[in-house]
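Inside the fold
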Amino acid sequence: MQIRRCSIVLLEPREEVGFDLDNLLSGGNGLNRTHRWVALAPHLEAAVDVSAGERELLGRLSPTDWVDTKALAGDAETVRQLLKSGLVVARGKRHAAHRERDERLRETQWHPLAATFHAFTRWSTLDTVQGMRDSGTETPEQMRAAFGPPPVAAPSRGEASSSVPLPRAEPTAFDQLLGRRVTCRNFDAARPLPRALFAQLLQRVFSVQAQVHACEDTVFVKKTSPSGGGLHPVEAYLLVQNVEDVAPGLYHYHALDHALEPLPMPALPLRGFAMQAVAHQHWFADAHVLVVLAPRFDRTFWKYRQHAKAYRVIALEAGHLSQTLYLSATEAGLGAFITGAINEVPIERAFGLDPVRDGAMAVCGFGWRGEAMETTELDPVGVIWETMAAAD
Ligand SMILES: Cc1cc2nc3c(=O)[nH]c(=O)nc-3n(C[C@H](O)[C@H](O)[C@H](O)COP(=O)(O)O)c2cc1C
């Protein structure tokens, strides 16, 4: 049988600390520490425990050249273990599953550290709200008590005497728009969003505005946000909850056609899936539309091959799209949000994404604001909330 090492694997010496009653009763500190080596291979779903022999053999195998297992007769049992875990892949039907996933990873041209980071920072079932409650860090006062003060908000550099004061400009309509941009945590779930407004936002933020055909099959596109290499890898997958004349459900937004492509319903009811997607941040789950920002890594990595900066570029692009969405929503009189606290695994499952090629980077959303601020927003001068109260 022909085998080779998987394309990317990082080894981590891991310490786990648990509570140990026996240790406490016998005069210890009540903590039990265990040490093990784990292999982090992005084509696999989970970290894999590896023995000293497995680590040593991984170091001897090439990720590119195939070797016949006859040449490794003395290591037969270690080879068997590595094949079983998927850290080593083999030719032939029996081992196709791990090999094909590894091949997809190779074809996508990931930088090894970015691939590992992306694969192992995905969540499945996290409830961030419960997490903050459990750790007693829900409010700024609790955070201050637990962590001490944060680093200052605006640091100074150099001598104060050398500081150069700048003139302050008179605000324009654009400044007013920027000033009204406040992350919305209070949506009015009961008020339907007009279809035309919904379509206008998608057109402004996610649609292709113009194309450059470098060759027949090599197309760069222009959108209202910038994108590394003009590639625009970030797709918009929608969870529509309350838009007039649009059936609630999951969709892919086609950026060239400016059209919705319906997808199968998720396993959970939509509101439940929305909660799961945003890691149980109920203040976002009522948004009329949630937008999963899902980069196609293979499109950016086509140009930036195994590039140290490419993953950062994609994350920055998601941020640009989000800012354009915030401003477009604000201009339309709507609220918007972004969250990075998302359960990627159920999102990938529901929208049919393969995290090796494409995956969820963040979730944004937009819709009508509610009438009362039940969840805190950062609106210190009352640009949104005092204006709304005055309008009543
Ligand atoms: C990348 C990113 C991730 C964020 N994630 C969350 C989040 O998980 N939950 C949340 O309530 N707000 C989240 N926010 C919103 C921030 O909390 C918000 O921007 C901040 O409080 C400042 O308020 P403002 O946007 O109204 O100026 C996120 C913002 C950014 C840019």
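Residues numbered from 1 in each chain as written. Predicted model: local features only at pLDDT ≥ 70, side-chain atom pairs only at ≥ 80, totals over all residues. Heavy atoms only, no water.

A separate point is the overall build of the protein chain. Looking only at helices and strands, the protein chain features 15 helices and 14 strands. Along the longest, intermediate and shortest principal axes, the C-alpha atoms of the protein chain span 80 × 70 × 55 Å. Relative to its 392 residues, the protein chain shows a buried fraction of 43%. Contacts in the protein chain between residues far apart in sequence, at least 24 positions, make up 71% of those at least 6 positions apart. For the protein chain, the distance from the average position of its 40 positive side-chain charges to the average position of its 46 negative side-chain charges is 7 Å. (Helix = DSSP H or I, 4+ residues; strand = E, 2+ residues; numbered from the N terminus. Buried < 20%, exposed > 50% of the residue type's maximum accessible area, 1.4 Å probe, protein only. Contact = heavy atoms within 4.5 Å. Lys, Arg positive; Asp, Glu negative; His and termini not counted. Charge placed at Lys NZ, Arg CZ, Asp CG, Glu CD.)

The next subject is the sheet that holds strand E5 (residues 67-68). Read from one edge to the other, the open sheet built from three strands follows the order E5-E1-E6, with strand pairing classed as antiparallel. At either margin of the open sheet sits one strand with a lone partner, and together these are E5 and strand E6 (88-90). Relative to E5, strand E1 (residues 2-5) is paired through two bridges, and the arrangement is antiparallel. What sits directly across from Gln2, in E5, is Asp68. Where helix H3 (residues 76-85) meets the sheet, its contacts fall on E1 and E6, and the angle it forms with E6 comes to roughly 85 degrees. (Pairing = 2+ DSSP bridges. Axes fitted to C-alpha atoms, helices over the stretch in contact; angles between N-to-C directions.)

This paragraph deals with the packing of helix H2 (residues 52-60) against H3. The contact between H2 and H3 brings their axes to 10 Å, and the two run at 85 degrees. The pairing of H2 with H3 is recorded here as roughly perpendicular in orientation. In this structure, H2 uses Gly53, Glu54, Leu57 and Leu58 to contact H3, whose residues at the interface are Thr78, Val79, Gln81 and Leu82. Its residues assigned to classes, the contact of H2 with H3 comprises four nonpolar, three polar and one charged. (Parallel < 35°, antiparallel > 145°, perpendicular 65-115°, else oblique. Nonpolar A, V, L, I, M, F, W, Y, C, P; charged D, E, K, R; others polar.)

Spatially, the six strands line up as an open sheet ordered E11-E10-E9-E12-E14-E13, and their pairing is antiparallel. At either margin of the open sheet sits one strand with a lone partner, and together these are strand E11 (259-263) and strand E13 (335-339). Sheet twist, expressed as the average angle between the axes of neighbouring strands with direction ignored, equals 25 degrees. Both strand E9 (residues 234-240) and strand E10 (residues 249-254) contribute to a ladder of four bridges, which runs antiparallel. In the strand pairing of E10, Tyr237 is matched with His252. In this fold helix H9 (residues 195-206) packs onto E9, E10, E11, strand E12 (289-295) and strand E14 (362-367), with an angle of close to 165 degrees to the strand it touches most, E9. Set on the sheet, helix H10 (residues 270-277) makes contact with E9, E10 and E12; between it and E9 the angle comes to about 140 degrees.

Our next topic: H3. Buried within H3 we find Val79, Leu82 and Leu83. Buried residues of H3, viewed axially, fall in a sector of 100 degrees; they line one side. For H3, the secondary structure elements touched by its buried residues are E1, H2, E6 and helix H4 (96-108). Following H3 by one or two positions, Gly86 adopts a phi angle in the positive range, close to 95 degrees. (Arc of directions from axis to C-beta.)

Around the ligand lies a shell formed by Arg181, Val182, Thr183, Arg185, Gln281, Trp283, Phe284, Ile338, Thr339, Gly340, Ala341 and Leu378. A distance of 3.4 Å separates a nitrogen atom of the ligand from a polar atom in the backbone of Ile338. One of the side-chain nitrogen or oxygen atoms of Thr339 is found 2.7 Å away from an oxygen atom of the ligand. Relative to its unbound accessible surface of 610 Å², the ligand loses 58% to contact with the protein. (Near = heavy atom within 4 Å. Polar contact = N/O pair within 3.5 Å; in protein donor to acceptor, adjacent residues only side chain to side chain. Areas by Shrake-Rupley, 256 points an atom, 1.4 Å probe, with all protein chains shown as cover.)

Turning our attention to helix H13 (residues 310-331). For an α-helix, 3.6 residues make a turn, and residues three or four places apart therefore share a direction. Here H13 contains 22 residues, and its C-alpha end-to-end distance of 32 Å stays within 8% of the 32 Å for a straight helix at 1.5 Å per residue. One or two residues past the end of H13 sits Gly333, with phi positive at roughly 80 degrees. (Expected span 1.5 Å × (residues − 1).)

A few words on empty space enclosed by the protein. According to the stated counting rule, one finds three cavities of 30 Å³ or more in the structure shown. Here the largest cavity defines a volume of roughly 80 Å³. What lines the largest cavity is Pro42, Leu44, Glu45, Arg101, Leu105, Trp110, Ala115, His118, Ala119, Arg122, Pro355 and Val356. Secondary-structure elements contributing two or more residues to the lining of the largest cavity are H4 and helix H5 (112-120). Sort the elements by how many residues they give to the lining of the largest cavity and H5 lands first, with three residues. When its residues are assigned to classes, the lining of the largest cavity shows eight nonpolar, one polar and three charged. (1 Å grid on protein atoms, 1.4 Å probe; cavity = no way out; pocket = protein on both sides within 12 Å on 5 of 7 lines; lining within 4 Å. Points joined across faces, edges and corners; volume = space filled by probe spheres on them.)

Once that is clear, we can look at unusual backbone geometry. Most peptide bonds are trans, and most residues other than glycine sit at a negative phi. Of note in the backbone geometry, His280 takes a positive phi value of approximately 70 degrees without being a glycine. Relative to the helices and strands, His280 is located in the loop between H10 and helix H11 (282-285). Positive phi is not limited to glycine here, since Gln306 has a value of about 45 degrees. Look at Gln306 and you get partly exposed, because its relative accessible area is 48%.

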